[in-house]
Amino acid sequence: MNLELSDEQVFLRDAARQALSRTNTIEAAREALDQLVLGEGSKTRPDLWDAAVEAGWPGLLVSEERGGAGLSLFDALLVMQEVGRRLAPVSLIGHLPASALLDDAGDEAAERAASGDARVAFVAAQPPGDLDDEWTVEGEASMSRAAAPTISDDGTVSGRVPWVVDAPGATTFVVVGTGGAAAAVEAGDGVEVEELFRYDPTRAIGHVTFSGAKGRKLSVSSDDVARAWFLAQALIAAESVGAAAACLEMAVPYAKERFTFGRAIGSYQAIKHQLVEVVRRNENAISLLYYAGWAHVSGPDEFPLAASGARSAAGEALDFASRANIAVHGGIGATWEHDAPLFFRRAQLSRRLIGGTDGSTDRVAGELLRQSAGAGGPATGAGDGSAAAQST
């Protein structure tokens, strides 16, 4: 495989970087945090959806025949890295997997999702795995997982799904239910979103309750739905490696310019080793991320394992990088006035959403153990209850 970026991909990445640079997203994140914790002003979170629509990002994974860009996951990962680098509040982690499912199903909302007229939230359920043999959603107040919503044959949806990324502000919800069924539900009667302001105020999340909401059952298989789950894992991994890279870009110049006892602090092993470890972890995560982008198109049987590996490595890389960034900056790095804690907040919330970093690590471990036992090649990650699906 050749993972070198094409000229078009370099242009896409640079264009995303330029588009996001027009807004001081870090300052916006700080203002949101001040509102949340200090009570300064009303609770509002920054929103760059209009900029995303202008750049064409909502339609990245929608086919051209439905008005999208028809690009690959690899291309979307390049955009998400820049989003993470800037802590940009762009509702793409929920929108992109949901829009891909709508496109797979040929649903009428796919065109509206591609144009950005519809903001779509992916109300995800985790495919069966080693620990759960059913489709499950996040627990609201504990580590135990809950049953996925029920979806009837006529598309009626009932159930509660906590901690849904990008739920606030969504106009359409792509809901995954028991057995890997999926339905598209428009916001309105029977749909209630409880918006949450938590540790990272730039992240739009909410508890979503469906009370007999009328939707459209999507004509997709459980394999398609599982694929969307792992697509979301890859997207949040890309965002994480971008944020980790930003931590390194903050820490290295400071280590060069901050002197103590007549020497730059970057000359001390305690600092050098931390920064080198940030590089090592993030480069490893980027390699796995690009592998996932390749596998999504060219190695679909390998994609669940690749996406899980990327999510696991990227989550750990950002966690380490955000802590190292604070440590390198010393006392000032832990203060309210510094930007470093904003990345730490992003790391700690991100590692807990959409199955979590630990959940992806468990899936990688389960698959490797299965292979070491001589069970064959990579599992597909489908939600059919098979041993392969439960080990991905």
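Further up the page is the structure itself.
Report follows, based on the coordinates. Along each chain, the written sequence defines residue order, and numbers are assigned to residues from 1. Two thresholds apply to this predicted model, a pLDDT of at least 70 for residue-level local features and 80 or more for giving and counting side-chain atom pairs, whereas whole-chain, interface and lining totals are computed over all residues. Each side-chain value is derived from all of the structure's non-hydrogen atoms; neither hydrogens nor water enter the calculation.

1. Describing the pattern of salt bridges
Cut-off, in case you're wondering: By definition, a salt bridge exists where a carboxyl oxygen of Asp or Glu is found within 4 Å of a side-chain nitrogen of Lys or Arg. Any residue under 20% of the maximum accessible area for its type is buried, any over 50% is exposed, and the rest in between are partly exposed; the area is computed with a 1.4 Å probe on protein chains only.
Counted according to the given criterion, the structure contains 25 salt bridges. Where Asp 358 meets Arg 351, a salt bridge forms, and the shortest distance between an N and an O atom there is 3.9 Å. The exposure class of Arg 351 is buried, given its relative accessible area of 15%. A single salt-bridge network, built from bridges that share partners, covers Asp 107, Glu 108, Arg 112, Glu 186 and Arg 216.

2. Let's talk about the packing of aromatic side chains
Each aromatic ring pair is described using two quantities: the centre-to-centre distance and the angle formed by the ring planes. For clarity, the cut-off: Each Phe, Tyr or Trp ring, with Trp reduced to its six-membered ring, pairs with another whose centre is within 6.5 Å; inter-plane angles below 30 degrees give stacked pairs, above 60 give edge-to-face pairs, and intermediate values give tilted ones. Comment: elements are numbered from the N terminus, with helices defined as DSSP H or I runs of at least four residues and strands as E runs of at least two. Distance and angle both matter: a charge sits over a ring if NZ of Lys or CZ of Arg is within 6 Å of the ring centre and within 35 degrees of the ring normal.
Summed over the entire model, instances satisfying the criterion amount to three aromatic pairs. Look at Phe 74 and Tyr 290: their rings are 5.0 Å apart centre to centre, the planes differ by 35°, and that puts the pair in the tilted class. Here Phe 74 is found in helix 4 (residues 73-85), whereas its partner Tyr 290 is found in helix 8 (residues 269-298), with 216 residues between them in sequence. On the accessibility criterion, Tyr 290 (17% relative accessible area) is buried. The positively charged end of Arg 227 is found above the aromatic ring belonging to Phe 303, 5.7 Å away from the centroid. Directly above the ring of Tyr 199 sits Arg 345, whose terminal nitrogen or CZ lies 4.6 Å from the centroid.

3. Observations regarding the side chain of Arg 119
The condition that has to hold: Between N or O atoms, a polar contact is any pair within 3.5 Å; within protein, one atom must be a potential hydrogen donor and the other a potential acceptor, and residues adjacent in sequence are included only when both atoms are from side chains. Every residue pair with non-hydrogen atoms within 4.5 Å of one another is taken to be in contact.
By the element assignment, Arg 119 lies in the loop between helix 6 (109-115) and strand 1 (120-123). A polar atom in the side chain of Arg 119 sits 3.1 Å from the side chain of Ser 91. In contact with Arg 119, not counting residues within four places along its chain, are Asp 47, Trp 49, Ser 91, His 95, Gly 169, Ala 170, Thr 171 and Thr 172.

4. Here's the deal with empty space enclosed by the protein
Test applied: The way it works is a 1 Å grid over only the protein atoms, where trapped points that fit a 1.4 Å probe form a cavity and open points with protein on both sides within 12 Å along at least five of seven lines form a pocket, and then any residue with an atom within 4 Å of a point lines it. Grid points are joined across faces, edges and corners, and a volume is the space filled by probe spheres set on the points.
Across all of its chains, the model carries five cavities of 30 Å³ or more by this definition. Taken as a whole, the largest cavity spans an internal volume of roughly 120 Å³. As for the largest cavity, its lining consists of 15 residues, and the residues nearest its centre are Phe 122, Ala 124, Trp 163, Val 164 and Ile 354. For the lining of the largest cavity, the secondary structure elements donating two or more residues are strand 1 and strand 5 (156-165). Among the elements that line the lining of the largest cavity, the one with the most residues is strand 5, at five residues.

5. Focus: helix 4
Applied cut-off: A helix is expected to span 1.5 Å multiplied by its residue count minus one.
The end-to-end C-alpha distance of helix 4, which contains 13 residues, comes to 18 Å, matching closely the 18 Å that a straight helix rising 1.5 Å per residue would cover. Counted residue by residue, helix 4 has 13 buried out of 13 residues, so it is predominantly covered. Leu 87 sits one or two residues past helix 4 and shows a positive phi near 50°.

6. A closer look at the environment of Asn 284
Topologically, Asn 284 is positioned in helix 8. Residue classification places Asn 284 among the partly exposed positions, given a relative accessible area of 40%.

7. Comments concerning the packing of helix 7 (residues 222-257) against helix 9 (residues 303-329)
Here is the rule we go by: In this analysis, axes come from line fits to C-alpha atoms, helices being fitted only over the stretch in contact, and the angle between any two N-to-C directions falls in the range 0 to 180 degrees. Roughly parallel here means an angle under 35 degrees, roughly antiparallel means over 145, roughly perpendicular means 65 to 115, and every remaining angle is called oblique. When the near helix sits turned anticlockwise from the far one by under a right angle, the crossing is termed left-handed; a clockwise turn instead gives a right-handed crossing. Under the convention adopted here, Pro, Cys and the residues Ala, Val, Leu, Ile, Met, Phe, Trp and Tyr are nonpolar, Asp, Glu, Lys and Arg are charged, and Gly plus all remaining residues are polar.
Direction vectors running N to C along helix 7 and helix 9 enclose 25°, while the axes themselves pass 7 Å from each other. Relative to helix 9, the element helix 7 lies roughly parallel. Judged by the twist between their axes, the crossing of helix 7 over helix 9 is left-handed. Looking at the contact of helix 7 with helix 9 residue by residue, the classes come out as 22 nonpolar, six polar and two charged.

8. Overview of the layout of surface pockets
Of the pockets and cavities examined, the largest pocket occupies roughly 870 Å³. Taken together, 34 residues line the largest pocket, and the ones lying closest to its centre are Glu 138, Met 143, Arg 352, Gly 355 and Gly 356. For the lining of the largest pocket, the secondary structure elements donating two or more residues are helix 10 (340-350), helix 11 (356-372) and helix 12 (387-391). Residues that form the lining of the largest pocket fall into these classes: ten nonpolar, 13 polar and eleven charged.

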